[in-house]
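# Notes for the structure review
Letter by letter, the chains look like this.
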Amino acid sequence: MLFNSIDFAVFLPIVFLLYWFVFNRSLRQQNLFVAAASYLFYGWWDWRFLFLILLSTVSDFLIGRALGKVEDSGKRKLLLWLSIILNLGILGYFKYFNFFLDNFISVFTMMGQEFRASSLQIILPVGISFYTFQTLSYTIDVYKGKMNPTRDFISFVAFVSFFPQLVAGPIERATHLLPQFKKERIFRYDQAVNGLRQILWGLFKKMVIADNCAIYANYIFENSEHLSGSTLLLGALFFTFQIYGDFSGYSDIAIGTARLFGFNLMQNFAFPYFSRDIAEFWRRWHISLSTWFRDYLYIPLGGSRGGTALKVRNTFIIFLVSGFWHGANWTFIVWGALHALYFLPLLLTKQNRQNLGVVAENGYFPTLEEFFKISVTFGLTVLAWVFFRAESVHHAFSFLFEIFSPSLFTIPYYEGLGHAKSLLYLIPLMLIVEWFGRSNQFAIENLNFIKLRTIRWAFYSLIIFMIGVFMYEEETAFIYFQF
Amino acid sequence: MKKEIFRFIKKGSYFLIFCFLFYIVFIWLWGFTLDTIDSGELNKRLEEAENIEKVDILVLGSSRAYRHYDPRIFKEEGYEIFVLGSSAQTIIQSEFLLRQYIEHLKPDLIIYDVYPNMFTSNGVESTLDIISNSNRNANFNTQELVRMHDRIKVWNYFFVYYLRELLPQISFHQQNRSRPEDKYVENGFLEKKSGTAEKENFRDNNIRITEPQKEAFNRLVRLVKNAKTDMLIFQSPMQDNKLESYKNLESIDSLLEAHGYKLYDFNKRLDLNDTIHFYDPLHLNQKGVEEFNIKAIEDLANIIGQKE
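Counting from 1, residues in each chain are numbered in the order their sequence is written. Ligands are numbered from 1 and chains lettered from A, in the order in which they are written. Under the rules for a predicted model, residues below a pLDDT of 70 receive no local features and side-chain atom pairs below 80 are neither given nor counted, while totals for whole chains, interfaces and linings still include all residues. For the side-chain quantities, the full set of heavy atoms in the structure was used; hydrogens and water were omitted.

So, on to the overall build of chain A. In this description a helix means any DSSP run of H or I spanning at least four residues, a strand means any run of E spanning at least two, and both kinds are numbered starting from the N terminus. Helix and strand counts for chain A come out as 18 helices and 0 strands. Atoms considered for the radius of gyration are the C-alpha atoms alone. The globule rule reads 2.2 Å times the number of residues to the power 0.38. The globule rule puts the C-alpha radius of gyration for 483 residues at 23 Å, and the 23 Å found for chain A is close to it. Over its C-alpha atoms, taken along the principal directions, chain A stretches across nearly 70 × 65 × 45 Å. Only protein chains enter the accessibility calculation, which uses a 1.4 Å probe; a residue is then buried when its area is under 20% of its type maximum, exposed when over 50%, and partly exposed in between. Expressed as a percentage of its 483 residues, the buried residues of chain A come to 59%.

Written out as structure tokens, the structure reads:
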């Protein structure tokens, strides 16, 4: 079920009313209802994959219980590895089997050997990369003693399958979300209103910005061999805003929806395109994933302790794995490697923790130096996104070579570009709103400085109007759905 | 806590009412920024259709209909034709327009000019075209057509033009922008004064007929049969590369055959030059139109003769 669909528009109010009015007699009842609603939400795509998420849930619940009983460190480690192998095994099979098979065959072919094998027709279950990491965080934290294993199976099912964030994050930590299922949720008017505001802003970013950028980005990337460098650069920019609008929009809708039910999810995007360096970018982009890798991979590997070689190794591992997590294609790995190259100089010169606060925190506008840094960081991320979007590494390089050719200095053109003129003011409008809301959890969180309710309501209505006028007609999936 | 929830629901309801009123006002204001969709003179065509009493042949279809069937050439051979084509028209719009005009125009024969995209497109663009060009020029209500799509964009356009009717003292009619290279000819033809085409390459386009289009075709066939009128299904010429890019055309043939129709494909019946006779991959220039119309009239006479 897509957030930007009529199905969800019907589903959400029904679930909301039942949750607060019918299934509120006990916590257990309410959690059971959340679990049932979440399974319905997930099964809407394909009911067969419910067995997979149930398998992941049951196995990690039992492993968690076992970790709570077993004291022998060797056995505990074994249980942990069992969880890791099971979860990553499921992920690996569904997401990466064909990738490894194809590359295995290519290696054999390069060595002059013939190797026949046919790829499997494997459908990637929606959200698998997200919920496997979420359950893994539980078993790892139980192993480390950060939390006690839960004996409440219903709460655990609800935690793993919680529908607002099941399919595309934020990837919640068990230490943060699971306790929320164990205490009574109180409906707070302000929290619910904030939730609706966040949903609204998320829908704007997704349906107005991302979906319209996608039309042009897709065309330009699919026909890149016929287009000029300036048009390709425009395509890269369209994709830059597409992926931001899509992914941060989804996160906003997820977090806003969770607020309606009294839950507090972690912030996943903190205005990353206003970052002053790449290190800051990675503190602001897909925060739940980058902190997951930091805590469960980077730090256990040694982090930034140790010598230069170790730091370089760990940095590359993190970024390559992060890239690979996004998809079974060399383009994602190259994308990750590129970000590692961007990040390393900052790490090695100990400048990676410079810009920790909000840019231009005490003013309305950035300084010239800040503006320059933001522009450079933005430019680097745009170049890297070309690899993320391209069909192959070769395609990405051809794309970039054409951008940096003399045809960069021609007027961008293709027949459909004329219709993109609305994006010329919609994207800056989004950036302006996000800029002035950059100190908040989401752009339009704090509008109480507008004293008159009528004006606030007019502003929200204007956003709804813009969604109605500019939205792309077809229901469109979120990019991260099939990750 | 329940008090808080009721307060939330109450305020939410008030907001929805506020938002709805706001939306209507802004849609009306937004309408001032809209030009009438430049659609190949559909407004003139509809205006004419209201005033004609009877035709021998009614031609339906997309821009390929109003660019390819020249009433002057048909008249020389004794056929009074009217072309009720519109830009990007699909079967949904064809059926709708036919229903509005079949009793008024009383055609002896309908020529339905088709091409593969008509069976696969969602038809929204064509509906917007009809909405924006119809309300001053036509005697029908587009609400039914709007409901067939159930899309916000279509409803937005519908509201704009509906409000223009409700508030005549404020609304204004925006002039259609005619292109200088086009010439509107009486009875629905739009002549391209000049132009030749280049050959282009096209990606394969796998044709999958959508359910709404299939249902619209079923309704169209019933409409024609109930009116006791004959219908012939033509595919006027297009560039070879364009035609070859369409795959799975058997699905269209099957649909037509299921209703007892045959596709008269003039790409096979006529040998035209892709550059000399076309001004773009899908449209003939006047030179191509003349060649096509002569052949179509010749074949028409044979087809009608065979049927009799």
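So, on to the overall build of chain B. A tally of regular secondary structure across chain B gives 13 helices and 11 strands. Per-residue burial for chain B yields a buried fraction of 55% across its 308 residues. Summing over all exposed atoms, chain B offers an accessible surface of approximately 14600 Å²; the carbon and sulfur share of this is 49%. His residues and chain termini do not enter the charge count, which takes Lys and Arg as positive and Asp and Glu as negative. Think of each charge as sitting on NZ of Lys, CZ of Arg, CG of Asp or CD of Glu. Looking at charge distribution, chain B has the averaged site of its 40 positive side-chain charges lying 9 Å from that of its 46 negative ones. Computed with the Shrake-Rupley method and a 1.4 Å probe, the accessible areas treat only the protein chains shown as cover for residues.

All names here are of chain B. DSSP bridges decide pairing: two strands pair if at least two such bridges lie between them. If you trace the 5 strands from one edge of the open sheet to the other, you get β2-β1-β3-β7-β9, paired in parallel fashion. Two strands bound the open sheet, and with one partner strand each, they are β2 (81-85) and β9 (263-265). For this sheet, the mean angle separating the axes of adjacent strands, direction not counted, is 25°. Two strands pair when backbone bridges link them, and strand β3 (residues 109-113) and strand β7 (residues 230-235) are joined in this way by 5 bridges, in the parallel orientation. Axes here refer to lines fitted to C-alpha atoms; in helices the fit is confined to the stretch in contact. Angles between the N-to-C directions go from 0 to 180 degrees.

Another aspect to go through is the interface of chain A and chain B. If you look at the interface, chain A gives 29 residues, while chain B gives 25 residues. In total, about 2600 Å² of surface goes out of reach between chain A and chain B, with carbon and sulfur atoms giving 75% of it. The term salt bridge refers to a side-chain nitrogen of Lys or Arg lying within 4 Å of a carboxyl oxygen of Asp or Glu. Remark: the boundary between chain A and chain B carries 0 salt bridges. Of all the secondary structure elements, the ones that give two or more residues to the side of chain A that touches chain B are α1 (6-22), α9 (189-222) and α18 (453-470) of chain A. When residues of the side of chain A that touches chain B are assigned to their parent elements, the largest contribution, 11 residues, is made by α18(A). Each residue gets one of three labels, nonpolar for Ala, Val, Leu, Ile, Met, Phe, Trp, Tyr, Cys and Pro, charged for Asp, Glu, Lys and Arg, and polar for the others, Gly among them. Here the side of chain A that touches chain B is built from residues that sort into 19 nonpolar, 4 polar and 6 charged. Contact between two residues is taken to exist if any of their heavy atoms lie within 4.5 Å; hydrogens are not considered. We define buried area as the total accessible area lost by two parts upon association, computed with a 1.4 Å probe and summed across both.

With that settled, the discussion passes to helix α6 (residues 124-134) of chain B. Side chains of residues three or four places apart in an α-helix project in the same direction, reflecting 3.6 residues per turn. Judged by how many residues are buried, α6(B) sits mostly within the fold: 10 of 11 residues are covered. Looking at α6(B), one finds that the buried residues are Val124(B), Ser126(B), Thr127(B), Leu128(B), Asp129(B), Ile130(B), Ile131(B), Ser132(B), Asn133(B) and Ser134(B).

Attention now moves to the pattern of salt bridges. Counted by the stated rule, this structure contains 24 salt bridges over all chains. Among the salt bridges present, the one from Asp295(A) reaches Arg294(A), with a minimum N-O distance of 2.8 Å. Residue classification places Arg294(A) among the partly exposed residues on the basis of a relative accessible area of 40%. When salt bridges with common partners are traced through the structure, they connect Arg269(B), Lys295(B), Glu298(B) and Asp299(B) into a single cluster.

This paragraph deals with the confidence of the model for chain B. All names here are of chain B. On a range of 0 to 100, pLDDT expresses the predictor's confidence in each residue. On average, residues of chain B carry a pLDDT of 85, and 90% of them reach 70 or more. When mean pLDDT is compared element by element in chain B, β3 scores highest at 96, while helix α8 (residues 152-166) scores lowest at 73. Counting interchain partners and residues more than four positions distant, the pLDDT-below-50 stretch residues 169-173 has 7 contacts. Note on the complex model: pTM 0.82, ipTM 0.84.

Our next topic: the environment of Gly235(A). By secondary structure assignment, the location of Gly235(A) is in helix α10 (residues 229-260). Each C-alpha atom, one on Gly235(A) and one on Ile85(A), is 40 Å from the other, the two residues being 150 residues apart in sequence.

Taking 1.5 Å per residue as the helical rise, helix α17 (residues 423-436) of chain A with its 14 residues ought to reach 20 Å, and the 20 Å between its terminal C-alpha atoms agrees with that figure. Looking at the buried positions of α17(A), the neighbouring elements they touch are α9, α10, α15 (368-389) and α18 of chain A. Every helix has an expected span of 1.5 Å times one less than the residues it contains.

Right, let's get into a nonpolar patch on the surface. Think of a patch as exposed residues, more than 30% relative accessible area, with no salt bridge, where like charges cluster within 9 Å and nonpolar side chains (Val, Leu, Ile, Met, Phe, Trp, Tyr) cluster within 5 Å. Together, Tyr364(A), Phe365(A), Ile432(A) and Phe436(A) line one region of the surface with nonpolar side chains, adding up to about 520 Å² of accessible area. You can see Tyr364(A) is positioned in the loop between α14 (330-348) and α15.

What follows concerns the environment of Ser461(A). Looking at where Ser461(A) falls in the secondary structure, it is placed in helix α18. On the basis of relative accessible area, Ser461(A) is assigned to the buried category, the value being 0%. Distance from Ser461(A) to Thr367(A), taken between C-alpha atoms, is 34 Å for residues 94 residues apart in sequence. Excluding residues that lie within four positions of it along the chain, Ser461(A) makes contacts with Phe15(B), Phe18(B), Cys19(B) and Phe22(B). Think of a polar contact as two N or O atoms within 3.5 Å of one another; within protein, one of them needs to be a possible hydrogen donor and the other a possible acceptor, and neighboring residues in sequence only count if both atoms come from side chains. Reaching out from Ser461(A), the side chain makes a polar contact with the backbone oxygen of Trp457(A) at a distance of 2.8 Å.

What follows is about the packing of aromatic side chains. Residues and elements named next belong to chain A. Pairs were defined over the aromatic rings of Phe, Tyr and Trp, the Trp ring being its six-membered one, requiring ring centres within 6.5 Å. Orientation was assigned from the angle between planes: stacked under 30 degrees, edge-to-face over 60, tilted for the rest. Counting across every chain of the model gives 85 aromatic pairs over all chains. Measuring from ring centre to ring centre gives 5.0 Å for tryptophan 335 and phenylalanine 388, while their planes differ by 70°; the resulting arrangement is edge-to-face. On the criterion of sequence distance, the pair formed by tryptophan 335 in helix α14 and phenylalanine 388 in helix α15 is long-range, its members being 53 residues apart. Consider the ring centre and the ring normal. A charge sits over the ring if Lys NZ or Arg CZ is within 6 Å of that centre and within 35 degrees of that normal. If you follow lysine 95 out to its NZ or CZ, it ends over the ring of tryptophan 325, 4.9 Å from the centre.

This part is about the pairing of strand β4 (residues 182-185) of chain B. Residue and element names in this part refer to chain B. Pairing analysis gives 4 bridges linking β4 to strand β5 (residues 189-192), with the strands arranged antiparallel. When the sheet's bridge partners are listed, lysine 183 is paired in β5 with glutamate 191. The hairpin formed by β4 and β5 contains 3 residues between the paired strands, and asparagine 187 there has a positive phi angle of roughly 80°.

On to the pairing of β3(B), then. The side chains of a regular strand alternate between both faces of the sheet. Of all 5 residues in β3(B), 5 are buried; the element is thus mostly enclosed. Of the two faces of β3(B), both are covered, the one formed by Leu109(B), Ile111(B) and Asp113(B) as well as the one formed by Ile110(B) and Tyr112(B).

What follows covers the environment of Ile294(B). Residue placement: Ile294(B) occurs in helix α13 (residues 286-307). In this structure the C-alpha to C-alpha distance between Ile294(B) and Ile73(B), which are 221 residues apart in sequence, comes to 7.7 Å.

Now for unusual backbone geometry. With an omega of 0°, the peptide bond running from Gly169(A) to Pro170(A) counts as cis. Here Pro170(A) lies in the loop between α7 (163-166) and α8 (174-181). In this structure, Lys350(A) is a non-glycine residue whose phi angle is positive, near 55°. Within the element layout of this structure, Lys350(A) appears in the loop between α14 and α15. Positive phi values are uncommon outside glycine, yet Asn187(B) reaches one of about 80°.

Moving on, we come to the packing of helix α4 (residues 73-110) of chain A against helix α13 (residues 308-326) of chain A. Residues and elements named next belong to chain A. Closest axis-to-axis distance for the α4/α13 pair is 10 Å, and the angle between their directions is 105°. With respect to α13, the element α4 is oriented roughly perpendicular. Contacts between α4 and α13 pair Lys95, Tyr96, Phe99 and Phe100 from the former with Phe324, Trp325 and His326 from the latter. Tallied by class, the residues present in the contact of α4 with α13 amount to 5 nonpolar, 1 polar and 1 charged. Throughout, the term roughly parallel applies to angles under 35 degrees, roughly antiparallel to angles over 145, roughly perpendicular to angles from 65 to 115, and oblique to all others.

Residue and element names in this part refer to chain A. In contact at an axis separation of 10 Å, helix α2 (residues 27-43) and helix α3 (residues 50-69) are set at 135° when each is read in the N-to-C sense. In terms of orientation, α2 and α3 fall into the oblique class. In this structure, α2 uses Tyr39, Tyr42 and Gly43 to contact α3, whose residues at the interface are Leu50, Ile53, Leu54 and Thr57. Residue classes in the contact of α2 with α3 are distributed as 5 nonpolar, 2 polar and no charged.

Attention shifts here to the side chain of His339(A). Mapped onto the secondary structure, His339(A) falls in helix α14. In contact with His339(A), other than residues within four places in its own chain, are Ile278(A), Phe281(A), Trp282(A), Phe319(A), Thr381(A) and Ala384(A).

Residues and elements named next belong to chain A. Inspection of the secondary structure assignment puts glutamate 172 in the loop between α7 and α8. For the buried glutamate 172, no salt bridge exists, and the shortest N-O distance to an oppositely charged side chain is 7.5 Å, to arginine 173. A polar contact of 2.5 Å, which involves the side chain of glutamate 172, links it to the backbone nitrogen of methionine 266. The residues contacting glutamate 172, other than those within four sequence positions of it, are Gln134, Ser137, Phe159, Gln165, Leu177, Leu265 and Met266.

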